Amino acid sequence: MFCVKDFEAAAREKLDPVHADFIAGGARDEITVRANEEAFARLRLLPRVLRGRAVPGLDVTLLGGHARLPVLLSPTAFHKLVDPEGELATARAAAAAGAVMIASMASTVAVGEIADAARAAAGPGETVPLWFQLYLQPDPEITEALVRRATDAGCTALVVTVDSPVLGASERNRRNGFHDLPAGLRCENLVDLRDGEFGHVRQIAMSPEFSWEHITWLRSVTELPILLKGVLHPEDARLAVRHGVSGLLLSNHGGRQLDTVPATLEALPAIVAAVAGRIPVLLDGGVRRGTDAVKALALGARAVGIGRPVMWALAADGEKGVRRLLELLREEIEDALALCGAAGLDELTPDLVRPAWSGPLFGGAVS
Ligand SMILES: Cc1cc2nc3c(=O)[nH]c(=O)nc-3n(C[C@H](O)[C@H](O)[C@H](O)COP(=O)(O)O)c2cc1C
Ligand SMILES: O=C(O)C(=O)c1ccccc1
C-alpha cells in the first residue's frame, strides 16, 4: 500500500460489492462526491525555496487538546461491516498515530469500549483523542442519554451533525437493497436507550424540526465543547459562533446528503472569513493526499477529516491498514511541507495556493 487509493482498490477486492457501494456512494448523481476530490485537483501549490527550514512537526491543538497529526478520522458508521474488530481496530490505530477519532453515533462497538481501546493504545500521558458524533434526537432524554454515554466514556468533544434533517438518498443502496446491518451487528450506542430497543439503526431519528434553540439546549446539558458538522453557508457559521459553538467541521457529508452542494474546499474561504478566527474550522470531503491536507490548511482549516479512506484501510487490513493509512498521510504531509518551504503547519498561508492555470498568466501575448 503506497497511497490512499491503493486501499480503495484493495477494499473493493475484499468487500461484498453491496458494502463497497455503501461506502463509496453518495446522494443522487454523486456530483458532490466527485466535486470534493476535483476541487483539490484544481488548486496548485506555489512553493517557497531556500528558507532554511528543518523537518517540520505536525502537532496541532484542537479544542484545547493535542493531536500529533492534523488529520482526523471523521465519523463513519458500521466499522464491523468491514472488519471483525470494527471500531476497536480503528481506535487503536488512531490513538497510536495521535490522531483524533470521531466515533459515530452509529458505531458497531459501544463508545465506552472504543474509548478503552484508544486509551490502551495512546502514548503515555496522552489524553484519549476521541470525540463523539451525535444526531440530535426528537426525544431530549434520548439525546441526553447518548451524551452521558459519550461523557462517561471520556470523549472530549461532541460533534453534532446538522446536515441531515432527512437521510441522504443513496441510489446505490436502494438498488442493492441495503438498508440494515447484517444479522449479529448492532448500533451498540443505541442499545437499551429505551426499554425494548436493541440497537437497530432505524432508532436514529432524523428530523427537519431542529433549530438553533436545540444547540442552546445541548450546551445547557453538557460541559463538553460542541462542534457542528455539515455547515456550508457563511451565515450559519456566524450563527454557530453566536450560539457558543466551539468549532466547525465544514463538511458536505462526503456528498451523501444534498447532491450538487459545493465541494468543501470551495466553501472554505467564505467560512473562514465568516468565523474570523473566533473558532477553529475543520474540513472533510475528498482528502486523499498530503497535498490535499496542505491546501485546506493553507486556506485556513485547522485540520482535515477523512471518511472513506478509513473504511477502505480497515477493510483492506484491519488495524494495521488504518495505521499504515495514517503513516502514509503523515509522510505525504511532511513531504509537502518540506517542498513548500514550510517549517510547520502555521507557515501554511493562502499565498502558497492558487487556482490552476486557465488562460494566459499575465493576459498579454507570449513574446
Ligand atoms: C460509510 C460512511 C459512513 C458515514 N457515517 C457517518 C455518520 O455516522 N455520521 C456522520 O456524521 N457522518 C458520516 N459519514 C460522513 C463522514 O463523516 C465524512 O463527512 C465524509 O465521509 C468525508 O468525506 P470523504 O469520505 O470523502 O473523506 C459517513 C461517510 C461514509 C463514507
Ligand atoms: O452513511 C452515512 O453517511 C451516515 O451518515 C449514516 C448514519 C447512520 C447510520 C448509517 C450511516
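Details of the structure are given in the entry above.
Let me sum up the structure you'll find in this document. (Residues numbered from 1 in each chain as written. Chains lettered and ligands numbered in written order. Predicted model: local features only at pLDDT ≥ 70, side-chain atom pairs only at ≥ 80, totals over all residues. Heavy atoms only, no water.)

1. Re the site of ligand 2
- For ligand 2, the full set of nearby residues is Phe22, Ala77, Phe78, Ala106, Tyr135, Val201, His253 and Arg256.
- Within the side chain of Tyr135, one N or O atom sits 2.9 Å away from an oxygen atom of ligand 2.
- At a separation of 2.8 Å, an oxygen atom of ligand 2 approaches a polar side-chain atom of His253.
- Notes on ligand 2: free accessible area 290 Å², of which the protein chains cover 81%.
- A per-class count over the shell around ligand 2 returns six nonpolar, one polar and one charged. (Near = heavy atom within 4 Å. Polar contact = N/O pair within 3.5 Å; in protein donor to acceptor, adjacent residues only side chain to side chain. Areas by Shrake-Rupley, 256 points an atom, 1.4 Å probe, with all protein chains shown as cover. Nonpolar A, V, L, I, M, F, W, Y, C, P; charged D, E, K, R; others polar.)

2. Section: the site of ligand 1
- In the vicinity of ligand 1 lie 23 residues, with Pro75, Ser104, Thr161, Asp284 and Arg288 positioned nearest.
- Lys229 is positioned with one of its side-chain polar atoms (N or O) 3.0 Å from a nitrogen atom of ligand 1.
- Summarising the interface, the protein chains cover 98% of the accessible area of ligand 1, which totals 600 Å² for the free molecule.
- Those elements that place two or more of their residues in the shell around ligand 1 are helix H2 (17-24) and helix H12 (308-340).
- Residues that form the shell around ligand 1 fall into these classes: seven nonpolar, 11 polar and five charged. (Helix = DSSP H or I, 4+ residues; strand = E, 2+ residues; numbered from the N terminus.)

3. Notes on the pairing of strand E11 (residues 303-306)
- Burial along E11 is two-sided: the face carrying Ala303 and Gly305 and the face carrying Val304 and Ile306 are both buried.
- Two strands pair when backbone bridges link them, and strand E4 (residues 71-73) and E11 are joined in this way by three bridges, in the parallel orientation. Residue pairing for E11: Leu72 is matched across the bridge by Gly305.
- Bridging between strand E10 (residues 281-284) and E11 involves three bridges; their strand directions are parallel. Bridging across to E11, Asp284 finds its partner in Gly305.
- In this fold, E10 hands off to helix H11 (residues 290-298), which returns the chain to E11; that crossover is right-handed. (Buried < 20%, exposed > 50% of the residue type's maximum accessible area, 1.4 Å probe, protein only. Pairing = 2+ DSSP bridges. Right-handed = clockwise from strand over helix to strand, strands pointing away.)

4. Here's the deal with the side chain of Asp259
- Tracing the sequence through the fold places Asp259 in the loop between strand E9 (247-250) and helix H10 (264-275).
- The charged side chain of Asp259 is buried without a salt bridge, its nearest counter-charge being Arg34 at 6.4 Å.
- Engagement of the side chain of Asp259 in a polar contact is seen with the backbone nitrogen of Asp29, the distance being 3.1 Å.
- Discounting chain neighbours no more than four positions away, the residues touching Asp259 are Ala27, Arg28, Asp29, Glu30, Ile31 and Thr32. (Lys, Arg positive; Asp, Glu negative; His and termini not counted. Salt bridge = Lys/Arg side-chain N within 4 Å of Asp/Glu carboxyl O. Contact = heavy atoms within 4.5 Å.)

5. Quick look at the environment of Lys5
- The topology assignment puts Lys5 in helix H1 (residues 4-14).
- The class for Lys5 is partly exposed, based on a relative accessible area of 36%.
- Separated by 15 residues in the primary sequence, Lys5 and Ala20 place their C-alpha atoms 14 Å from one another.
- Ignoring any residue separated from it by four or fewer positions in sequence, one finds Lys5 in contact with Glu37 and Arg288.

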